[in-house]
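# Structural features, examined
Each chain is listed here by its residues.
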Amino acid sequence: MRLQSQSSNAPISLKLPPSTWRRRALGFAGAAALGLSSVAAQAGTLSIGHTTWVGYGTLYLAQAKGFFKENGLTVELPTFEDSSSYMAAQAAGHLDGSAGTIAELLKYRSPDFCFKTVVVLDGSNGGDGVLTDDAVTSVEQLKGQTVAMNEGSASQFWLSYLLKQHGLSLSDVTVQNMSADAAAAAFIAGRVPVAVTWEPNLSFVRSHDVGHVLVDSSATPGVIIDVVALSCNVIDNQPDDVKALVAGLYQAVDYLKSHPEASYRLMAEGVGGYLKDPADLAEATKGVEFYGEPGNRRILGTQEEPGSISALIDVARDTWNQLEDRNISATYADIVDPSFVEQP
């Protein structure tokens with residue numbers, strides 16, 4: 001999904017929106033060029049790296065409406081293309097935090113790189129999916145197929161989870177590693193029979209006679225969750241700023257519900273890239289659920305009674321340890337700080 005691992009496969013040249021719409025990566029050097037080179041955290045300001053994804057739209061909405069400012073906070077939102085770039089920037093102190101899927105962010109947690117989730121932004125509820133030809137009508141029929149997807153990303157985690165729900169595993173398919181956009185392009189060009197990708201690729205396939213979406217993430221609610229994870233020193237030293245971040249996001253979610261059209265316009269202006277058209281962004285929002293305070297309290301829970309994200313973390317950790325022969329040990333207590341989601 002939003003967090004793409006670097007791939008050596010160049011995108012296939014095809015008149016398809018995704019690859020040309022996605023913003024170009026800034027990379028680690030780009031962070032410094034944006035003025036993010038200061039290692040010391042600055043009170044009253046939070047810099048949050050992220051990719052281009054509709055689920056991060058509420059960050060831009062809160063920024064545009066002044067909800068962060070009302071709470072005494074300035075939020076900087078530099079855009080990257082892959083998780084390795086912005087997580088490297090955060091680890092070096094050039095960013096205060098990152099927005100990404102919890103299933104992939106946890107791979108970066110180590111004794112030397114401490115960060116914790118402080119708020120949940122959105123959940124994919126149809127925004128990710130598997131593309132196949134029309135002859136494939138069940139997940140079980142994926143056995144023996146070649147599947148184009150981004151290895152090491154949320155797409156791989158989600159497919160592994162999905163296959164397990166149907167008695168299969170990744171060893172039952174042949175993975176061809178490429179970015180999610182390149183995978184969609186390869187599928188549409190007829191070069192691969194199956195692709196794991198996300199919006200707007202799913203909508204493109206649905207509106208053209210090029211196969212179909214076999215299954216999307218609406219079939220696995222709560223599995224692909226996007227969060228904001230801040231460095232531990234930022235949480236410790238700037239608790240008021242973290243509270244302001246969460247409060248501003250809650251205001252943005254409420255505003256989105258009551259003023260959707262105005263919100264789509266502001267979110268599109270901020271997110272940009274392939275979502276620069278408010279109509280495209282509005283369509284993309286159909287595949288995600290934005291979380292305000294009730295959703296955050298349910299998902300994050302408390303240290304005494306962890307929410308649903310705790311089980312997801314366990315599944316993701318075990319999945320990566322198996323798929324990548326890793327020894328990830330991160331737990332809920334290691335990478336979640338639920339103390340900020342209950343606003344006074």
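Preceding this paragraph is the structure being described.
First things first, this report covers the structure right here in the doc. (Residues numbered from 1 in each chain as written. Predicted model: local features only at pLDDT ≥ 70, side-chain atom pairs only at ≥ 80, totals over all residues. Heavy atoms only, no water.)

### Concerning the overall build of the protein
- Helix and strand content of the protein: 16 helices and 11 strands.
- Considering the protein as a whole, with its 344 residues, one finds that 58% of them fall into the buried category.
- The contacts of the protein with a sequence gap of at least 6 include a subset with a gap of at least 24, amounting to 80%.
- Of the accessible surface of the protein, which amounts to about 13,500 Å², a share of 48% is contributed by carbon and sulfur atoms. (Helix = DSSP H or I, 4+ residues; strand = E, 2+ residues; numbered from the N terminus. Buried < 20%, exposed > 50% of the residue type's maximum accessible area, 1.4 Å probe, protein only. Contact = heavy atoms within 4.5 Å. Areas by Shrake-Rupley, 256 points an atom, 1.4 Å probe, with all protein chains shown as cover.)

### Some remarks on the pairing of strand 4 (residues 115-124)
- For strand 4, the buried fraction is high: nine of the 10 residues fall into the buried class.
- Inspection of the sheet shows strand 4 paired to strand 11 (residues 288-290) by three bridges, in the antiparallel sense. From the neighbouring strand, Asp122 faces strand 11, where its bridge partner is Phe290. (Pairing = 2+ DSSP bridges.)

### Section: the pattern of salt bridges
- With the rule as written, the count across this model stands at 10 salt bridges.
- Between Arg206 and Asp216 there is a salt bridge, and its shortest N-O distance comes to 3.0 Å. Placement of the pair is Arg206 in helix 9 (residues 201-206) and Asp216 in strand 9 (residues 212-216), with a sequence separation of 10 residues.
- Owing to a relative accessible area of 46%, Arg206 belongs among the partly exposed residues under this scheme.
- The salt bridge involving Arg326 is made with Glu324; its shortest N-O contact spans 2.9 Å.
- Residue classification places Glu324 among the partly exposed residues on the basis of a relative accessible area of 28%. (Salt bridge = Lys/Arg side-chain N within 4 Å of Asp/Glu carboxyl O.)

### A few points about the environment of Asp280
- Within the secondary structure, Asp280 is located in helix 13 (residues 278-284).
- Judged by relative accessible area, Asp280 falls into the partly exposed class, the value being 33%.
- Note: C-alpha distance between Asp280 and Val54 (226 residues apart in sequence) is 9.7 Å.
- Here Asp280 is in contact with Tyr274 and Leu275, once residues within four sequence places are set aside.

### A word on the environment of Pro338
- Locating Pro338 in the fold gives a position in the segment after helix 16 (332-335).
- Placed 32 residues apart in sequence, Pro338 and Pro306 show a C-alpha to C-alpha distance of 8.5 Å.
- Sequence-distant contacts of Pro338, that is, excluding residues within four places in its chain, are made with Leu300, Gly301, Thr302, Gln303 and Tyr332.

### Points about helix 7 (residues 154-165)
- Taking 1.5 Å per residue, 12 residues should reach 16 Å; helix 7 reaches 17 Å between its end C-alpha atoms and fits that length.
- The element helix 7 is extensively covered by neighbouring structure, given that nine of its 12 residues are classed as buried.
- Among all positions in helix 7, only Ala154, Ser155, Gln156, Phe157, Trp158, Leu159, Ser160, Leu162 and Leu163 are buried.
- Measuring from the side-chain oxygen of the N-cap residue of helix 7 to the backbone nitrogen of Ser155 gives 3.1 Å; that N-cap residue is Ser153.
- With its phi angle positive at about 75°, Gly167 sits one or two positions after the end of helix 7. (Expected span 1.5 Å × (residues − 1). Polar contact = N/O pair within 3.5 Å; in protein donor to acceptor, adjacent residues only side chain to side chain.)

### Focus on the sheet that holds strand 4
- Taken together, six strands build an open sheet; the order of strands is 2-1-3-10-4-11 and the sheet is mixed. Two strands close off the open sheet at either side, each with one partner strand: strand 2 (74-76) and strand 11. Pairwise comparison of adjacent strand axes, ignoring direction, gives a mean angle of 30° for this sheet.
- Two elements, strand 1 (residues 45-49) and strand 2, share three bridges in a ladder whose sense is parallel. Each bridged residue has a counterpart across the sheet, and for Leu46 the counterpart in strand 2 is Val75.
- Packing against the sheet, helix 11 (residues 239-258) makes contact with strand 1, strand 2, strand 4, strand 10 (225-231) and strand 11, and its axis sits at approximately 10° to strand 4. (Axes fitted to C-alpha atoms, helices over the stretch in contact; angles between N-to-C directions.)

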